[in-house]
Amino acid sequence: MAAASASSIPGYLPVIAELFPLVVYTAMAVLLVGGLLLAAWWLGEKRPGANKGAAYESGVLPSGSARLAYPVPFYLVAIFFIVFDVESVFIFIWAVAWDLLGIPGLIHITVFITVLLLGLLWLWRKGGLDWGPQKSSTFNVQGSTFTTDTKS
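All of these numbers come straight from a predicted model, not from anything done at the bench.

Draft legend 1. Quick peek at the overall build of the protein. Along the protein, the regular secondary structure elements total four helices and two strands. In sequence order, the protein lays out its α and β elements as α-α-α-α-β-β. A burial count over the protein gives 4% of its 152 residues as buried. Partitioning the intrachain contacts of the protein with sequence separation of at least 6 by distance along the chain shows that 28% fall at a separation of at least 24. Carbon and sulfur atoms make up 72% of the accessible area of the protein, which totals about 13800 Å².

And the structure:
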């Protein structure tokens, strides 16, 4: 008996045929982006000037340095939001599929929440959540050291 070739199997598509739509989509996206970049370069103004090189801040001439340091609590709030947002997504997914996951799923989500809770407690003990004004703080801005005394 002769062996059947792969192309004679019903429902068989070669890998190339399966990837063809992805290749066409990628080529169209690259051509579209390339065409738009080429059109912007070709149609855009090419004469340099002082006004083009100047910084624009809502129609007001800039004053001072643009390098203003945000306080650390701003970044901490952003990172905490991301961590607990991701945590809530995992807990929501577990809650939707709790009946399929059973006891092993309950153990996994319990370990997950416990690790995050221990991390939060460690951060709290280290003072990472103390965002209020301090008695005295010293900071360095562009080579100059400043000391602030605030009443809490």
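Draft legend 2. Structural detail: helix 1 (residues 15-43). When the terminal C-alpha atoms of helix 1 are compared, their 42 Å separation across 29 residues agrees well with the 42 Å that a helix rising 1.5 Å per residue should span. The largest bend along helix 1 measures about 35° and falls at proline 21. Of all 29 residues in helix 1, zero are buried; the element is thus mostly exposed.

Draft legend 3. Local environment of the environment of tryptophan 131. Residue position: tryptophan 131 is located in the loop between helix 4 (98-126) and strand 1 (136-141). Judged by relative accessible area, tryptophan 131 falls into the partly exposed class, the value being 36%. Linking tryptophan 131 and leucine 76, residues 55 residues apart in sequence, is a C-alpha distance of 9.4 Å. Those residues in contact with tryptophan 131, other than ones at most four positions away along the chain, are Pro73, Leu76, Val77 and Phe80.

Draft legend 4. Examining helix 4 more closely. With 29 residues, helix 4 should reach 42 Å at 1.5 Å per residue; the first-to-last C-alpha distance of 35 Å falls well below that figure. Its axis deflected by about 75° at proline 104, helix 4 carries its strongest bend there. The complete set of buried residues in helix 4 reads Gly105, Ile109 and Leu123. Two residues or fewer after helix 4 comes glycine 127, characterised by a positive phi angle close to 90°.

Draft legend 5. Here's a closer look at the packing of aromatic side chains. Here the structure, examined in full by the defined rule, presents one aromatic pair. Summarising the aromatic geometry, the rings of phenylalanine 90 and phenylalanine 112 are spaced 5.4 Å apart at their centres and angled 80° between planes, so their arrangement reads as edge-to-face. With a gap of 22 residues between them, phenylalanine 90 in helix 3 (residues 72-96) and phenylalanine 112 in helix 4 connect regions that are remote in the sequence. Sitting over the ring of tryptophan 41, lysine 46 keeps its end group 4.5 Å from the ring centre.

Cut-off values and rules
Residues numbered from 1 in each chain as written. Predicted model: local features only at pLDDT ≥ 70, side-chain atom pairs only at ≥ 80, totals over all residues. Heavy atoms only, no water. Helix = DSSP H or I, 4+ residues; strand = E, 2+ residues; numbered from the N terminus. Buried < 20%, exposed > 50% of the residue type's maximum accessible area, 1.4 Å probe, protein only. Contact = heavy atoms within 4.5 Å. Areas by Shrake-Rupley, 256 points an atom, 1.4 Å probe, with all protein chains shown as cover. Expected span 1.5 Å × (residues − 1). Bend = angle between axes of the 7 residues up to and from the residue. Phe/Tyr/Trp six-rings, centres within 6.5 Å; stacked < 30°, edge-to-face > 60°. Lys NZ or Arg CZ within 6 Å of the ring centre and 35° of its normal.

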